[in-house]
Amino acid sequence: MRARGDPAAAAAAAPHVVGAGSIILPVHNAEPWLNECLESVLQQDFEGSMELSVFNDASKDKSMTIIEKWKVKLEGSGIPVVIGGHASPSPRGVGYSKNQAIAQSSGSYLCFLDSDDVMMPQRVRLQLEAAAQHPTSIIGCQVRREPPNSTERYTRWINQLAPDQLLTQKGTRGCREELVSGSPGAAPSPRHPPWIRGPLAGSQREQVFTSNGPTVIMPTWFCSRAWFSHVGPFDEGGQGVPEDLLFFYNHLRKGGGVVRVDQSLLLYRYHPDAATHSVLETTIWTHRVRFLEERVLPHWAAFTIWNAGRQGRRLYRSLAAGTRRKVVAFCDVDENKIRKGFYCHEDSQERPKPRVPILHFRAARPPFVICVKLDLTGGAFENNLRSLHLQEGRDFLHFS
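Because the structure is a prediction, the values reported are computed rather than measured. (Residues numbered from 1 in each chain as written. Predicted model: local features only at pLDDT ≥ 70, side-chain atom pairs only at ≥ 80, totals over all residues. Heavy atoms only, no water.)

Draft legend 1. Seen up close, the overall build of the protein chain. Within the protein chain, the regular secondary structure consists of 13 helices and 15 strands. Buried residues in the protein chain amount to 52% of all 400 residues. A separation threshold of at least 6 residues defines the contact pool for the protein chain, and within that pool the share at least 24 residues apart is 82%. Surface summary for the protein chain: the accessible area is close to 17500 Å², and the carbon and sulfur share equals 52%. (Helix = DSSP H or I, 4+ residues; strand = E, 2+ residues; numbered from the N terminus. Buried < 20%, exposed > 50% of the residue type's maximum accessible area, 1.4 Å probe, protein only. Contact = heavy atoms within 4.5 Å. Areas by Shrake-Rupley, 256 points an atom, 1.4 Å probe, with all protein chains shown as cover.)

Spelled out as structure tokens, the structure:
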């Protein structure tokens, strides 16, 4: 690995060094994984200025001992290490820790890293190249899951979304990515590297409303400091707050783009202690429904919910009263549900209580909000949807 010069000189440089990258690493009781994580920082092949900014969120294990050991190694290789933290009885949460790590860092680009993950050597280099061309985008990448057979459907979704499914543009009133020069509407580079994938201008396909969350996952995020400052900071509500999802929604509200580097640049670990498990599904559901009502449903005069079962009815009941009135039907393939003829919202305060028709999907009219999970029916649902020759984003969107 190439030496990066005098660490002291790097630390004394201007507050935000243009072209420099800061790896943002929040840490809380990460002892089992930290050595491998920090080794991956050392192995980066990026030849520009790079620093590591660590914030220790009240770890009770040997995390700080490991960090101090690696500080010597990293700075000996020319990578400055900035360490902050607190020793309060309780952690203050991932959002707080990320914000603190960013505040104490100095690079003009931010590379987010979870303490239980491992970067591939080319990650900073390739994502910084993409971020320089897309200064108002979140840059993600493909991942390799560990253990390999954990969350197989989710991992396929992360890695295989088409470029125009990464970003919603419906309801954004003509927002576009800022490309290459940073000026609004600048033309994309004719020499985009083939591994950089992003949405085309005017794209109408979208999967940002699904239960999977952000279309590029938080542990892979890379962006400019200027754009983060425009969108952020992260919510600091602590345990149980989906700070990545809330930031992602704000990013989209402000017209941000989403780009994925189509190489596997991160070993993404799955384990029971991961912070993501502290966020209740009901919390995420509420945020997703509100974002759907904000971004899409005001533009539809009427719509059909595809799934007359539990998830479809749950979505219907979760909608605001005015939005529920736009639901003209449920649709399904289950003959028992279709024979029943309607769904009655028993908890409604309206009189008479709403009775929403249940139709076969071929008899229903788009647009559809689809509450059927992908990749679970052996291709039957996907084939049914494909047979209607609809356009994603205009005629339907995926919610489950």
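Draft legend 2. Summary view of helix H8 (residues 243-253). In terms of residue burial, H8 counts as a mostly covered element, since eight of its eleven residues are buried. Within H8 the residues assigned to the buried category are Glu243, Leu245, Leu246, Phe247, Phe248, Tyr249, His251 and Leu252. Contacts made by the buried residues of H8 are with helix H4 (94-103), strand E6 (137-146), helix H7 (225-231), strand E9 (257-269) and helix H9 (281-295). One or two steps after H8, the chain reaches glycine 255, where phi turns positive at roughly 85°.

Draft legend 3. A look at the nonpolar core. Counting residues in each nonpolar core, the largest one holds 91 residues, and the members touching the most others are Phe112 and Leu315. The residues contacting phenylalanine 112, other than those within four sequence positions of it, are Ile24, Ile102, Arg123, Met218, Pro219, Trp221, Cys223, Phe228 and Phe234. Trp306, Phe368, Val372 and Phe396 belong to the second-largest nonpolar core, a separate cluster that totals ten residues. (Core = buried A, V, L, I, M, F, W, Y, C linked by side-chain atoms within 4.5 Å.)

Draft legend 4. Spatial organisation of the packing of H9 against helix H10 (residues 310-318). Contact geometry of H9 with H10 gives a least axis separation of 11 Å together with a crossing angle of 65°. The chirality of how H9 crosses H10 is right-handed. Packed against H9, whose contacting residues are Glu281, Thr282, Trp285, Val289, Arg290 and Leu292, the element H10 presents Gln311, Arg314, Leu315 and Ser318 at the interface. For the contact of H9 with H10, the per-class residue count stands at four nonpolar, three polar and three charged. (Axes fitted to C-alpha atoms, helices over the stretch in contact; angles between N-to-C directions. Left-handed = near helix turned anticlockwise from the far one by under 90°. Nonpolar A, V, L, I, M, F, W, Y, C, P; charged D, E, K, R; others polar.)

Draft legend 5. Seen up close, the packing of aromatic side chains. Tallied over the entire structure, the rule returns 19 aromatic pairs. Ring plane angle 90° and centroid distance 5.8 Å describe the contact between tyrosine 316 and tyrosine 343, whose orientation is recorded as edge-to-face. Residue tyrosine 316 is found in helix H10, and its partner tyrosine 343 is found in strand E12 (residues 342-344); the two are separated by 27 residues along the sequence. In this structure an aromatic cluster arises from ring pairing among Phe112, Trp221, Phe228, Phe234, Phe247 and Phe248. The aromatic ring of phenylalanine 399 is capped on one face by arginine 288, whose charged end is 4.0 Å from the ring centroid. The ring of tryptophan 285 is capped by arginine 314, whose NZ or CZ atom sits 3.8 Å from the centre of that ring. (Phe/Tyr/Trp six-rings, centres within 6.5 Å; stacked < 30°, edge-to-face > 60°. Lys NZ or Arg CZ within 6 Å of the ring centre and 35° of its normal.)

Draft legend 6. Geometry of the pattern of salt bridges. One pass over the structure, following the stated rule, counts eleven salt bridges. Among the ionic pairs, arginine 125 bridges to aspartate 45, the shortest N-O distance being 3.0 Å. One end of the pair, arginine 125, is in helix H5 (residues 123-133); the other, aspartate 45, is in the loop between helix H2 (31-42) and strand E2 (50-57), and 80 residues separate them in sequence. Residue arginine 125 is classed as partly exposed on the basis of its relative accessible area of 30%. (Salt bridge = Lys/Arg side-chain N within 4 Å of Asp/Glu carboxyl O.)

Draft legend 7. A look at the sheet that holds strand E15 (residues 396-398). Reading across from one edge, E12-E13-E11-E10-E14-E15 is the order of the six strands in this open sheet, with mixed pairing throughout. The open sheet is flanked by E12 and E15, the only strands paired with a single partner. Averaged over all pairs of adjacent strands, the angle between their axes in this sheet comes to 25°, without regard to strand direction. Pairing of strand E11 (residues 327-332) with strand E13 (residues 355-360) involves three bridges; the strand directions are parallel. In the strand pairing of E13, aspartate 332 is matched with histidine 360. Contacts from H10 reach strand E10 (303-306), E11, E12, E13 and strand E14 (368-370) within the one sheet, and its direction differs from that of E11 by about 165°. (Pairing = 2+ DSSP bridges.)

Draft legend 8. Representation of the confidence of the model for the protein chain in the model. Looking at the protein chain, pLDDT values average 85 and 84% of them are 70 or higher. Predicted confidence for residues 1-15 stays below pLDDT 50, and this span has 22 contacts to residues more than four positions away or in other chains. Across residues 168-205 the pLDDT falls below 50, and counting only partners more than four positions away or on other chains, this stretch makes 93 contacts in the model. (pLDDT = per-residue confidence, 0-100.)

Draft legend 9. Summary view of the pairing of E2. Where burial is concerned, most of E2 is hidden: eight out of the eight residues are buried. On E2, burial covers both faces: Met50, Leu52, Val54 and Asn56 on one face and Glu51, Ser53, Phe55 and Asp57 on the other are all buried. Looking at chain direction, E2 and strand E3 (residues 81-86) are connected through six bridges and run parallel. Across the sheet, leucine 52 pairs through a bridge with valine 81, a residue of E3.

Draft legend 10. Here's a closer look at the side chain of aspartate 116. Positionally, aspartate 116 belongs in the loop between strand E4 (107-112) and strand E5 (118-119). Setting aside its immediate chain neighbours within four residues, aspartate 116 contacts Trp33, Arg269 and His271.

Draft legend 11. Structural view of the pairing of E9. In terms of burial, E9 is largely enclosed, as eleven of its 13 residues are buried. Strand direction decides the pairing type here: E5 and E9, joined by two bridges, are antiparallel. Bridged to methionine 119 within E9 is leucine 266. Two strands pair when backbone bridges link them, and E6 and E9 are joined in this way by ten bridges, in the parallel orientation. By the bridge assignment, serine 137 is partnered in E9 with glycine 257.

Draft legend 12. Seen up close, unusual backbone geometry. A cis geometry characterises the amide bond from glycine 232 onward to proline 233, with omega recorded as 5°. When you line up the elements, proline 233 lands in the loop between H7 and H8. Here the bond from proline 366 into proline 367 is cis, since omega is 5°, no more than 30 degrees from zero. In this structure, proline 367 sits in the loop between E13 and E14. Phi at asparagine 29 takes a positive value of approximately 50°, unusual for a residue other than glycine. Residue placement: asparagine 29 occurs in the loop between strand E1 (17-27) and H2. Although it is not a glycine, threonine 151 sits at a positive phi angle of roughly 45°. Position of threonine 151 relative to the elements: it lies in the loop between E6 and helix H6 (152-160).

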